[in-house]
Amino acid sequence: MRYISTRGQAPALNFEDVLLAGLATDGGLYVPENLPRFTQEEIASWAGLPYHELAFRVMRPFVTGSIPDADFKKILEETYGVFAHSAVAPLRQLNGNEWVLELFHGPTLAFKDFALQLLGRLLDYVLEKRGERVVIVGATSGDTGSAAIEGCKHCENVDIFILHPHNRVSEVQRRQMTTIFGENIHNIAIEGNFDDCQEMVKASFADQGFLKGTRLVAVNSINWARIMAQIVYYFHAALQLGGPARSVSFSVPTGNFGDIFAGYLARNMGLPINQLIVATNRNDILHRFMSGNQYVKETLHATLSPSMDIMVSSNFERLLFDLHGRNGAAIAGLMDSFKQGGGFSVEQERWTEARKLFDSLAVDDAQTCETIAEVYEQTGEVLDPHTAIGVKAARECRRSLDIPMVILGTAHPVKFPDAVEKAGVGKALELPAHLSDLFERDERCTVLPNDLKAVQAFVSQHGNRGKPL
Ligand SMILES: *Cc1c(COP(=O)(O)O)cnc(C)c1O
């Protein structure tokens, strides 16, 4: 499989190189040159497979030529073997024909484990083969950091540095990062905000001299391998609800358009999906596009669903590329004008094309709490605020009651106790067994000033299993 850039100017790469690449050299994002397409018979024959076996069948075409089947199977069995639920991604019924796909049974209790558990293993496999080492420098406002650290903690060939804003992530989120020890794991608390952390990561990609030749790898959702891993659970859910003979709809809490883009790909690979609902919080750039064909940057608002607090959706460029007939020059032009003027709209027929599949809703904090309370009353289930946004959007935007509606349950509610408390849900939430002593564990973290040079000096001092690069 070859991968091409959404801006058309970077060289095509194979899977192995895409895994290590991050952004393309022309500033674009990598996408498969030709998407695999499965027949209905093929998809139907996968019913009842264990999750890792289904994962093998769905993802195999993407890694062909880079990872032999036997090795890939083994990696997938290990990856999904660490999930706490034997079904890996169980479906829970909320209402008639309405389901939550629970994606929070991984080590860090959010759906990001599906991709980052795999990414860590793939990186280590490829690096071992090449006899190389890499450094990961990532910024987090919460969920990504812990999932990336958990995914890389056993990697022999990866050193990981995660920057989080000092005193600005929740205690559960911080402890999920700082209580994991390893000579290749480094937590850095920056005396600044999330944007400061992200700026330092960007600046480090732009000028990598401090790494003395060691490669820097991205773990945010621009990394193709993350999107790839997320395609699988759309197939998994649909197969349990009568697919592919029957079509299914999904409502997806999203910020960066990563998770829902995977659903769009699943459909293009042959899975009958009737409707994809983009569920955002008050940071609603995607909803403004879907509802009014305006893709315009606005100020950032802090919400009760912090993992979707973004101003710009990086993966949206991948959808735009398809909407423009995969014309890289057109996307480069759009992105240029976005950078300069802060917004654009697309030709009417392209927007209409998108709206055949996508609907959207923006849900504010008050509605999020109302939905948590409503679902708790109806079912006794406590939703996390991100999932609640998905439920609200599903209930408002659903086109057909006859078609099963699956809401992606992106996090465990215990990660977001503030929202649950604000919703007036009195039920005490317990940490799952593997995290039950989280509040007693020792923590390891280095506080650094909001200063790029200080951070880069720290990385180069510790980037080789705790030793200097
Ligand atoms: C990261 C995250 C999201 C948003 O994911 P996208 O890739 O932006 O679609 C939603 N919910 C939770 C809990 C998350 O951690």
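Look up: the structure comes first, before these words.
What you see is a predicted model; the values in this text were computed from it and never measured.

Peer 1: Just checking my understanding: could you explain the state of the cysteines for this structure?
Peer 2: Should the sulfur atoms of two cysteines be covalently bonded, the bond is a disulfide. The full count for this structure, using the stated rule, is zero disulfides. Unpaired in terms of disulfides, C155 finds its nearest cysteine sulfur in C152, a separation of 4.5 Å. With a relative accessible area of 3%, C155 lands in the buried category. Considering cysteine sulfurs only, C397 is the nearest to C369, which forms no disulfide, with 19 Å between them.

Peer 1: What's the story with the sheet that holds strand 15 (residues 405–409) in this structure? I'm lost.
Peer 2: In a beta sheet, neighbouring strands are held together by backbone hydrogen bonds and run either parallel or antiparallel to one another. Taken in spatial order, the six strands of this open sheet run 4-5-15-10-11-14, and their pairing is mixed. In this open sheet, the two edge strands, each paired with only one partner strand, are strand 4 (91–95) and strand 14 (358–362). The average undirected angle you get between the axes of adjacent strands in this sheet is 25 degrees. Across three bridges, the pairing between strand 10 (residues 248–253) and strand 15 is parallel. Note that in strand 15 the partner of S249 across the bridge is M405.

Peer 1: For this particular structure, what's the right way to read the packing of aromatic side chains?
Peer 2: What characterises a pair of aromatic rings is the spacing of the ring centres plus the angle enclosed by the ring planes. By the definition in use, this model includes 26 aromatic pairs. Ring centres of F38 and W46 lie 4.9 Å apart, and the angle between their planes is 75 degrees; this geometry places the pair in the edge-to-face category. Across this residue pair, the class does not change: F38 and W46 are buried. Judged by centre distance (5.4 Å) and plane angle (65 degrees), the rings of F62 and W224 are edge-to-face. With a gap of 162 residues between them, F62 in helix 3 (residues 51–63) and W224 in helix 9 (residues 224–240) connect regions that are remote in the sequence. Look at F62 and you get buried, because its relative accessible area is 0%. Through a chain of ring-to-ring contacts, the aromatic side chains of F257, F261, Y264, F289, Y295, F316, F338, F344 and F358 assemble into a single cluster.

Peer 1: In this structure, what is going on with helix 12 (residues 316–323)? I would like to understand it.
Peer 2: Among the eight residues that make up helix 12, seven are buried, leaving the element largely enclosed by the rest of the structure. All of the buried residues in helix 12 are F316, E317, R318, L319, L320, F321 and L323. With its phi angle positive at about 60 degrees, G325 sits one or two positions after the end of helix 12.

Peer 1: Explain the sheet that holds strand 8 (residues 185–191) to me, please; I cannot follow it from the model alone.
Peer 2: Spatially, five strands are ordered 9-6-7-8-16 in an open sheet, and the strand pairing comes out parallel. In this open sheet, the two edge strands, each paired with only one partner strand, are strand 9 (215–217) and strand 16 (446–449). Each strand of the sheet is rotated relative to its neighbour by a mean of 30 degrees, with strand direction disregarded. On the sheet, helix 5 (residues 112–130) packs against strand 6 (134–139), strand 7 (158–165) and strand 9 and is oriented at approximately 140 degrees with respect to strand 7.

Peer 1: I tried to follow the nonpolar core on my own but got confused; where do I start?
Peer 2: Note that soluble globular proteins tend to have their nonpolar side chains buried in a common cluster. In this structure, F15, Y80, Y234, F235, F250, F257 and F358 are the most contacted members of the largest nonpolar core, which totals 111 residues. Here this core takes 13 residues from helix 9, the largest share from any one element. Membership of the second largest hydrophobic core comes to 25 residues, among which are L361, V382, V391 and A419.

Peer 1: In this structure, what is going on with the pattern of salt bridges? I would like to understand it.
Peer 2: Side chains bearing opposite charge may pair, as long as their charged atoms lie close to each other. Throughout the structure, instances matching the rule amount to 30 salt bridges. When the shortest N-O distance is used, the salt bridge between E171 and R175 registers 3.1 Å. Of this pair, E171 and R175 both sit in helix 7 (residues 171–178), four residues apart, which is roughly one turn of that helix. What makes E171 partly exposed here is its relative accessible area of 38%. Its relative accessible area of 10% is what places R175 among the buried residues. Between R395 and E374 there is a salt bridge, with the nearest N and O atoms lying 2.7 Å from each other. Here R395, found in helix 16 (residues 385–397), pairs with E374, found in helix 15 (residues 365–379); they are 21 residues apart in sequence, far enough to count as distant. Within the structure, one salt-bridge network assembled from shared partners comprises E16, D17, K129, R130 and E132.

Conventions adopted
Residues numbered from 1 in each chain as written. Predicted model: local features only at pLDDT ≥ 70, side-chain atom pairs only at ≥ 80, totals over all residues. Heavy atoms only, no water. Disulfide = S-S within 2.5 Å. Buried < 20%, exposed > 50% of the residue type's maximum accessible area, 1.4 Å probe, protein only. Pairing = 2+ DSSP bridges. Helix = DSSP H or I, 4+ residues; strand = E, 2+ residues; numbered from the N terminus. Axes fitted to C-alpha atoms, helices over the stretch in contact; angles between N-to-C directions. Phe/Tyr/Trp six-rings, centres within 6.5 Å; stacked < 30°, edge-to-face > 60°. Contact = heavy atoms within 4.5 Å. Core = buried A, V, L, I, M, F, W, Y, C linked by side-chain atoms within 4.5 Å. Salt bridge = Lys/Arg side-chain N within 4 Å of Asp/Glu carboxyl O.

Any functional reading would require information beyond the geometric quantities listed.
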